[in-house]
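Descriptive analysis of the structure
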Amino acid sequence: MNILTKAKGFWGTIGLIIIFSVVIQFLINGGTLNSFYVNALFSIGINIILAASLHLIIGITGQFSIGHAGFLAVGAYISAIVTMKLGLPFPVAILAAGLAAAIAGLVIGIPTLRLRGDYLAIATLGFGEIVRIIFLNIDYVGGASGMTVSHLTTWPWLIACVVITIVVIVNFTNSTHGRACISIRENEIAADAMGINTTYYKVMAFVIGAFFAGVAGALHAHNFYIIQPTNFGFLKSFDILILVVLGGLGSMSGSVIAAILLTIISTFLSNYPEVRMVIYSLVLIVMMLFRPQGLMGTKEITSFLKIGKSAKGGVQHDGKNTVA
Amino acid sequence: MEQFIQQLVNGISLGSIYALIALGYTMVYGIVKLINFAHGDVFMVGAFIGFYSITILDLGFFPALLISMAACAIFGVLIERIAYKPLRNATRIAALITAIGVSLFIEYGTIYIRGAQPEAYPNNIVPLKSLEIFGVKISGQSIMILAVSIFLMIVLQFIVHKTKIGKAMRAVSHDMDAAKLMGINVNNTISATFAIGSALAGAAGVVFGMYYTKIEPLMGIIPGLKAFVAAVLGGIGIIPGAMAGGLLLGVIEALVSATGGSLWRDAVAFIVLILILIFRPAGLFGKNVREKV
């Protein structure tokens with residue numbers, strides 16, 4: 001495939017997304033979509049960003065991190081401080097949230113990424129809890145009762161953030177750096193022996209993932225009117241992890257599809273609060289028993305579209321060694 | 001000074017509960033390399049079974065403890081057979097997600113069956129008077145907790161080191177395939193591990209209920225996580241390590257509470273965890289093994 005057709009496909013997709021989002025905007029303005037659907041739509045968008053950002057860390061780089069809610073919390077609180085306490089505009093808040101989360105990612109990533117597998121998972125889980133407890137104990141951001149945030153997340157901001165996240169992460173994956181990250185996922189020791197600076201790339205993927213989680217945090221905070229430390233416990237981290245695993249580790253489109261599907265399922269199940277979590281957990285167990293590689297495995301949706309052509313070689317693997 | 005010793009006693013009581021749960025984590029991890037997130041919920045189920053045995057069946061403390069341990073052992077084996085066994089050769093992350101799913105299922109299944117309202121353990125089950133040594137008041141319940149925990153740990157050490165099933169467990173945890181070749185029934189051994197670990201969690205649940213009075217369906221989450229921290233602290237897969245880790249964690253928490261940082265108690269547990277992982281990844285009792293290519 002030459003660069004020209006690739007670029008054409010890219011702009012074509014962007015065009016379709018713009019048309020789609022304008023249509024949605026008209027539906028929202030016209031009142032065709034009531035607030036229930038609009039809320040579901042916003043949750044889907046935020047979850048897509050979260051799933052994509054964790055996909056970069058777990059699916060591409062193979063670093064088993066389950067403290068993603070920590071970055072979400074950092075983003076949410078920093079953005080809330082920027083808009084509510086400092087009175088700056090929303091775009092600044094999004095950027096500040098991303099940067100703050102990225103810095104948090106750097107601080108936590110450099111020491112902990114020397115660990116691997118379950119140990120890294122537990123360390124990141126601990127980090128997520130520490131972030132939650134820190135916010136719980138700071139009176140400036142309201143402590144346990146939380147912080148009220150005005151509703152600033154609008155559809156154009158949301159769709160723009162989603163598209164930018166996906167474009168950046170897909171391009172990163174297909175770049176030299178992304179290849180290096182994939183080689184770390186496949187075999188860290190071999191990658192190291194081939195001269196790849198594994199620490200550098202692991203931290204890099206971690207920081208980029210954290211940045212977008214922070215962006216999602218800003219959108220989350222300005223969508224729900226109130227943020228509380230309890231929203232960012234490790235159950236939230238698990239929710240994000242589940243999106244990535246259910247979609248298929250190493251598949252970007254899988255993460256996005258899982259984010260859409262699961263958000264829809266849990267939104268509709270919220271009408272039945274007493275059985276919601278029971279069904280949710282059963283779905284999870286059954287899914288893992290019958291299709292442990294996730295919905296898409298490691299395939300991308302584009303590989304289904306071009307039948308007969310070989311799919312991208314480097315991205316596929318047997319899925320056995322994803323997490324050390 | 002008296003205050004300090006008082007906190008130390010509280011810490012040891014709390015720590016021995018952590019240690020009991022941590023033993024289950026460490027045994028299961030040592031054999032199937034799975035962080036059994038549902039373990040904290042088995043602890044919760046144990047607390048409830050003990051509660052119902054005491055209030056509805058009108059049993060004393062020890063019969064309730066035994067019933068709870070037996071029921072939890074069966075429960076643990078069921079979880080293993082239904083949810084974990086089919087995934088034994090799947091990726092680690094799939095097994096972990098299943099464990100999270102099982103954990104959520106037990107928590108919300110319990111809420112669905114009996115509602116989310118908390119229950120209070122009757123506080124007159126143990127007829128022990130509190131002791132006073134050099135001005136330090138040690139409640140009868142603290143002594144009871146410590147005695148039960150130490151007894152169960154000794155039994156566990158005996159099972160692991162002196163019995164046939166213990167030998168099989170050690171062999172499987174060392175090398176599952178080689179154990180299979182030597183004629184060890186790996187499935188039964190793993191089930192036995194889950195049974196023993198879950199029975200200990202059940203005992204911890206009853207003891208916890210007796211000590212803290214209040215039990216509720218989501219009570220297993222935080223002690224479960226802390227127990228895992230304790231297991232990592234001592235070196236995961238190492239039984240004396242889990243005991244030491246649990247006691248140490250309990251004491252650290254009690255001391256942090258004593259210095260006025262009770263809000264930071266949970267955070268301190270995780271900070272200790274991260275520090276241990278960074279400076280001594282194999283835990284306090286573990287040996288560092290270099291990974292081969």
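From a predicted model like this one, the values you see are computed outputs, not experimental measurements.

Re the nonpolar core
- In this structure, F71(A), L219(A), I227(A), L241(A) and Y84(B) are the most contacted members of the largest nonpolar core, which totals 201 residues.
- In this structure F71(A) touches A101(A), A104(A), G105(A), I108(A), F127(A), F206(A), A210(A), A213(A) and G214(A), once residues within four positions along its chain are discounted.

Observations regarding the pattern of salt bridges
All names here are of chain B.
- If you walk through the whole model with that rule in mind, you get 9 salt bridges over all chains.
- One salt bridge in this structure joins E80 and R88, with 2.3 Å as the shortest N-O distance.
- Under the relative-accessibility criterion, R88 is labelled partly exposed at 23%.
- Of the charged contacts in the structure, one is a salt bridge between R114 and E119, with a shortest N-O distance of 3.1 Å.
- Residue classification places R114 among the buried positions, given a relative accessible area of 15%.
- In this structure E119 comes out as partly exposed when scored by relative accessible area, which is 21%.

Brief notes about the packing of aromatic side chains
- Under the definition given, this model contains 22 aromatic pairs over all chains.
- Aromatic pair F20(A) and W155(A): ring centres 6.4 Å apart, planes at 70°, arrangement edge-to-face. Taken as a pair, F20(A) in helix α1 (residues 3–30) and W155(A) in helix α6 (residues 155–174) lie far apart in primary sequence, 135 residues in all.
- On the basis of relative accessibility, which here comes to 6%, the residue W155(A) falls in the buried class.
- Seen in terms of ring centroids, Y25(B) and F228(B) are 5.3 Å apart; in terms of plane orientation they differ by 70°. Their pairing is edge-to-face. Taken together, the residues Y25(B) in helix α1 (residues 2–32) and F228(B) in helix α9 (residues 221–234) connect sequence positions 203 residues apart.
- Judged by relative accessible area, Y25(B) falls into the buried class, the value being 3%.
- The class for F228(B) is buried, based on a relative accessible area of 4%.
- Pairwise contacts between aromatic rings join F43(B), F208(B), Y211(B) and Y212(B) into one cluster.

So, helix α5 (residues 117–136) of chain A
- In this model α5(A) runs 29 Å from its N-terminal to its C-terminal C-alpha over 20 residues, within 8% of the 28 Å that 1.5 Å per residue would give.
- Of all 20 residues in α5(A), 17 are buried, a share of seventy percent or more.

Re the interface of chain B and chain A
- The interface of chain B with chain A comprises 45 residues on the first partner and 44 residues on the second.
- Carbon and sulfur atoms supply 82% of the area buried between chain B and chain A, which totals about 4000 Å² over both sides.
- Linking chain B with chain A are 0 salt bridges, by the criterion used here.
- The biggest single contributor to the side of chain B that touches chain A is helix α4 (residues 92–114) of chain B, with 14 residues.
- Of the residues in the side of chain B that touches chain A, the class split is 35 nonpolar, 5 polar and 5 charged.

Focus: the packing of helix α2 (residues 35–60) of chain A against helix α10 (residues 234–247) of chain A
Residues and elements named next belong to chain A.
- Following both chains from N to C, one finds α2 and α10 inclined at 75°, their axes separated by 9 Å at the closest point. Between α2 and α10, the crossing angle belongs to the class labelled roughly perpendicular. Of the residues in α10, those in contact with N47, L50, A51, L54, H55 and I58 of α2 are K236, I240, L241, L243 and V244.
- Partitioning the contact of α2 with α10 into residue classes produces 8 nonpolar, 2 polar and 1 charged.

Let's talk about the confidence of the model for chain B
- Averaged over all residues, the pLDDT of chain B equals 86, while 96% of them reach at least 70.
- Our summary of model confidence lists the complex with pTM equal to 0.85 and ipTM equal to 0.81.

Considering the side chain of E107(B)
- Take E107(B): it is sitting in helix α4.
- Buried and unpaired, E107(B) has R276(A) as its nearest opposite-charge partner, separated by 11 Å.
- E107(B) has contacts with D41(B), M44(B), P217(B), L218(B) and I221(B), leaving out every residue within four places of it along the chain.

Some details on a nonpolar patch on the surface
- Taken together, L86(A), L88(A), V92(A), I134(A), I138(A), Y140(A), L263(B) and W264(B) make up a surface patch of nonpolar side chains, about 710 Å² in accessible area.
- Summarising the element assignment, L263(B) is placed in the loop between α10 (239–258) and α11 (265–279).

Looking at unusual backbone geometry
Residue and element names in this part refer to chain B.
- With a phi close to 55°, K33 is a non-glycine residue in the positive phi region.
- With respect to the helices and strands, the residue K33 is situated in the loop between α1 and α2 (39–55).
- For K33, a relative accessible area of 39% corresponds to the partly exposed category.
- One non-glycine residue with positive phi stands out, namely D58, at about 60°.
- Tracing the backbone shows D58 in the loop between α2 and α3 (61–84).

The rules behind these values
Residues numbered from 1 in each chain as written. Chains lettered and ligands numbered in written order. Predicted model: local features only at pLDDT ≥ 70, side-chain atom pairs only at ≥ 80, totals over all residues. Heavy atoms only, no water. Core = buried A, V, L, I, M, F, W, Y, C linked by side-chain atoms within 4.5 Å. Buried < 20%, exposed > 50% of the residue type's maximum accessible area, 1.4 Å probe, protein only. Contact = heavy atoms within 4.5 Å. Salt bridge = Lys/Arg side-chain N within 4 Å of Asp/Glu carboxyl O. Phe/Tyr/Trp six-rings, centres within 6.5 Å; stacked < 30°, edge-to-face > 60°. Helix = DSSP H or I, 4+ residues; strand = E, 2+ residues; numbered from the N terminus. Expected span 1.5 Å × (residues − 1). Buried area = accessible area lost by both parts, 1.4 Å probe. Nonpolar A, V, L, I, M, F, W, Y, C, P; charged D, E, K, R; others polar. Axes fitted to C-alpha atoms, helices over the stretch in contact; angles between N-to-C directions. Parallel < 35°, antiparallel > 145°, perpendicular 65-115°, else oblique. pLDDT = per-residue confidence, 0-100. Lys, Arg positive; Asp, Glu negative; His and termini not counted. Patch = residues over 30% accessible without salt bridge, like charges linked within 9 Å, V, L, I, M, F, W, Y side chains within 5 Å. Areas by Shrake-Rupley, 256 points an atom, 1.4 Å probe, with all protein chains shown as cover.

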